[in-house]
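Letter by letter, the chains look like this.
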Amino acid sequence: MLDVAIQKQLRDFTLDVAVRVDPGKIFVIMGANGSGKSTTLSSIAGLVCPDTGYVRLGGEILYDSPTRSNLPPEDRRIGYVFQNSAVFPHLTVHENVAFGLRARKEKPDVINSRVVSLLEKMDLHDLSPVKAKNLSGGQKQRVALARAIAIQPSLLMLDEPFTALDIDSIRAVRDLTRAVITEMQIPCLLVTHRVGDILEIGDKACVLSHGKKEWEGSPRDMPGTFPACQCP
Amino acid sequence: MDRTAMKFPGYKKKRFQHALTIIGAAILVASVTLYLALPVAALFFQTTPDLFLASLADPEVISALTLSLTTSVISLVIVILVGTPFAYIHSRNTYPGKVIVDTLIDLPLVLPPAVAGLALLVLWGRVGILGRYFNVLGVSIAFTTLAVIMAQIFVASPFYLRQAKSLFEQLDPAYEQAALTLGASPIRTFVLITLPLTAGGLVSGAVMTFGRALGEFGATIMFAGNLPGVTQTMPLAVYVNMSGDHHAGITIAILLVLISFAIMIAVRLLADKGVPRA
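Residues numbered from 1 in each chain as written. Chains lettered and ligands numbered in written order. Predicted model: local features only at pLDDT ≥ 70, side-chain atom pairs only at ≥ 80, totals over all residues. Heavy atoms only, no water.

Quick word on the overall build of chain B
Here's step 1: Looking only at helices and strands, chain B features 13 helices and zero strands.
Here's step 2: Across chain B, helices and strands are ordered from the amino to the carboxyl terminus as α-α-α-α-α-α-α-α-α-α-α-α-α.
Here's step 3: Its C-alpha atoms give chain B a radius of gyration of 25 Å, more than 25% over the compact-globule value 19 Å for 278 residues.
Here's step 4: Seen through its principal axes, chain B has C-alpha atoms that stretch 95 × 65 × 35 Å.
Here's step 5: Looking at chain B residue by residue over its 278 residues, the buried ones come to 38%.
Here's step 6: Considering chain B, the positive charge centre built from 17 side chains and the negative charge centre built from 12 side chains are found 15 Å apart. (Helix = DSSP H or I, 4+ residues; strand = E, 2+ residues; numbered from the N terminus. Rg over C-alpha atoms; globule rule 2.2 N^0.38 Å. Buried < 20%, exposed > 50% of the residue type's maximum accessible area, 1.4 Å probe, protein only. Lys, Arg positive; Asp, Glu negative; His and termini not counted. Charge placed at Lys NZ, Arg CZ, Asp CG, Glu CD.)

Structural data, given as structure tokens:
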């Protein structure tokens, strides 16, 4: 389970968010641009340090301000799919997916078998030797997802993974995400603007406004009046 | 009479003005190009292939060429090894006095090289502010090959530092953040992600630095002097030989022109390799 309660003073407001996500569940965070969604994910990943609070994942303390515990991002085992994918353009699809496993000093045969099986599952096998810079937006997002889950994370976070994708790619990445979360039984945080995503794969959702939760509940009960919820 | 001209009374005048504009533009482009190219081309008319090849075997030319290439390569290696991590740390962090450091990095670009040489001499010379202590220890810096390297680093390093700083600032941090979340250490991330993604621009900056170091004259003659085989680099040998062996000077000058051409071609080829966007 992911259990987060963090506070951080940002330029225009104080980010004050508490989130709990059970294994196998997808928690969707919505909100207008600059409402603190990405900073929340960055804080959980250890890329940004909160001022106070805690981040607990499956019984492990990743960050805890009273005890000054703060695990560096490389030790947190969090799969993070960045907005616009951030796949490494100079590496092949295979090398991208293997990157995290190599960094974690896995054995070469383990790396190879896990990467090959993931690429097959993600329908990326034919693209294995292709440099990531030559991929389409949808292919890049699938590589980013494969790369994030290759390290067998304890938490998956996706920051607007469907931006700039066509309808078919959105559906493919959305279905893959749901399948992965169900299979791996890990908690998932998804930042999105699209109401369709929330209704399709969200188990729970919240709307952030100026760093605070304005609403939280089941996606079916979400009021359609939030400015960030107007997208299809 | 031209039927178009009959329909539009101002047509002929406009055509004439258009032709004048094109001729004016052509003259301007040709003048600027010739002004820059003619002096360089003139060098090649001052020698013959036989004389050029004969001068290449001149011990003085070989000595200057060897010294220039050796010192420039050493300077470049030092600039890359020290400058790359410096530029990265500088571009990714905010610290007090950062603006001052930024200005100091750029200073050698506008400082007259002779002033740079004098400044180095005042600091590192035998009776200089720091040099006197080294002199007591028996270490002499001024008027040695080390002084040549120090002068080259001083005047040429901004070309690399500015380029590296700008590349690291442009690189989308999401690449490095993705590598960190995947389990890579900061050093592994820098080596496997940051450096390859900025490599084209870094090499371009390194080539410019090498070129500037190779052509260094003012700071070198002030701080290192003009000792054949020890501190007499190619530009210094050109200067000395203009009052002596004219052909040796021309040969070295042509060599410098050829190297400069190669550098500019390399920079142009690498210039398109910008930083990728995530």
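Considerations on the side chain of threonine 84 of chain B
Residue and element names in this part refer to chain B.
Here's step 1: Locating threonine 84 in the fold gives a position in helix 4 (residues 59-92).
Here's step 2: Among the polar contacts listed, one links the side chain of threonine 84 to the backbone oxygen of isoleucine 80, at a separation of 2.6 Å.
Here's step 3: Ignoring anything within four residues of it in the chain, the contact list for threonine 84 reads Val79, Tyr160, Phe168, Phe190 and Leu195. (Polar contact = N/O pair within 3.5 Å; in protein donor to acceptor, adjacent residues only side chain to side chain. Contact = heavy atoms within 4.5 Å.)

Some thoughts on the confidence of the model for chain B
Here's step 1: Predicted confidence across chain B gives a mean pLDDT of 91, with 94% of residues reaching 70 or more.
Here's step 2: Two summary scores accompany this predicted model of the complex, namely pTM at 0.83 and ipTM at 0.91. (pLDDT = per-residue confidence, 0-100.)

Re the pattern of salt bridges
Here's step 1: Following the criterion strictly, the structure yields 12 salt bridges over all chains and no others.
Here's step 2: Between lysine 8 of chain A and aspartate 51 of chain A there is a salt bridge whose closest N-O contact spans 4.0 Å. Linking lysine 8 of chain A in strand 1 (residues 2-9) with aspartate 51 of chain A in the loop between helix 1 (37-45) and strand 4 (52-57), this pair joins segments that are 43 residues apart in sequence.
Here's step 3: Of the residues examined, lysine 8 of chain A reaches a relative accessible area of 18% and is grouped as buried.
Here's step 4: Two residues, aspartate 106 of chain B and arginine 162 of chain B, come together in a salt bridge whose shortest N-O distance is 3.1 Å. Remark: arginine 162 of chain B occurs in helix 8 (residues 145-170) and aspartate 106 of chain B occurs in helix 5 (residues 98-110); sequence separation between them is 56 residues.
Here's step 5: On the basis of relative accessible area, arginine 162 of chain B is assigned to the partly exposed category, the value being 40%.
Here's step 6: Overlapping salt bridges bring together Asp3, Arg20 and Arg56 of chain A as one network. (Salt bridge = Lys/Arg side-chain N within 4 Å of Asp/Glu carboxyl O.)

Thoughts on the packing of helix 8 of chain B against helix 10 (residues 186-214) of chain B
Residue and element names in this part refer to chain B.
Here's step 1: Interaxial distance between helix 8 and helix 10 falls to 8 Å at its minimum, and their mutual angle equals 150°. On the basis of their axis angle, the class for helix 8 and helix 10 is roughly antiparallel. Every pair of crossing elements has a handedness; the one defined by helix 8 and helix 10 is right-handed. Residues Gln152, Val155, Ala156, Ser157, Phe159, Tyr160, Gln163, Ala164, Leu167 and Phe168 of helix 8 lie in contact with helix 10, whose contacting residues are Phe190, Thr194, Thr198, Gly201, Leu202, Ser204, Gly205, Ala206, Met208, Thr209, Arg212 and Ala213. (Axes fitted to C-alpha atoms, helices over the stretch in contact; angles between N-to-C directions. Parallel < 35°, antiparallel > 145°, perpendicular 65-115°, else oblique. Left-handed = near helix turned anticlockwise from the far one by under 90°.)

As for the interface of chain B and chain A
Here's step 1: Of the residues lining the interface, 19 residues belong to chain B; the matching set on chain A comes to 22 residues.
Here's step 2: Interface area for chain B against chain A, summed over the two sides, is near 1700 Å², with a carbon-plus-sulfur share of 71%.
Here's step 3: For the pair chain B and chain A, the number of links is zero salt bridges.
Here's step 4: At the surface where chain B touches chain A, the tally comes to three residue pairs in polar contact (both at pLDDT 80 or more).
Here's step 5: Every element with two or more residues in the side of chain B that touches chain A is listed here: helix 9 (173-181) and helix 10 of chain B.
Here's step 6: Per-element accounting of the side of chain B that touches chain A gives the leading share, seven residues, to helix 9 of chain B.
Here's step 7: Looking at the side of chain B that touches chain A residue by residue, the class counts come to 14 nonpolar, four polar and one charged. (Buried area = accessible area lost by both parts, 1.4 Å probe. Nonpolar A, V, L, I, M, F, W, Y, C, P; charged D, E, K, R; others polar.)

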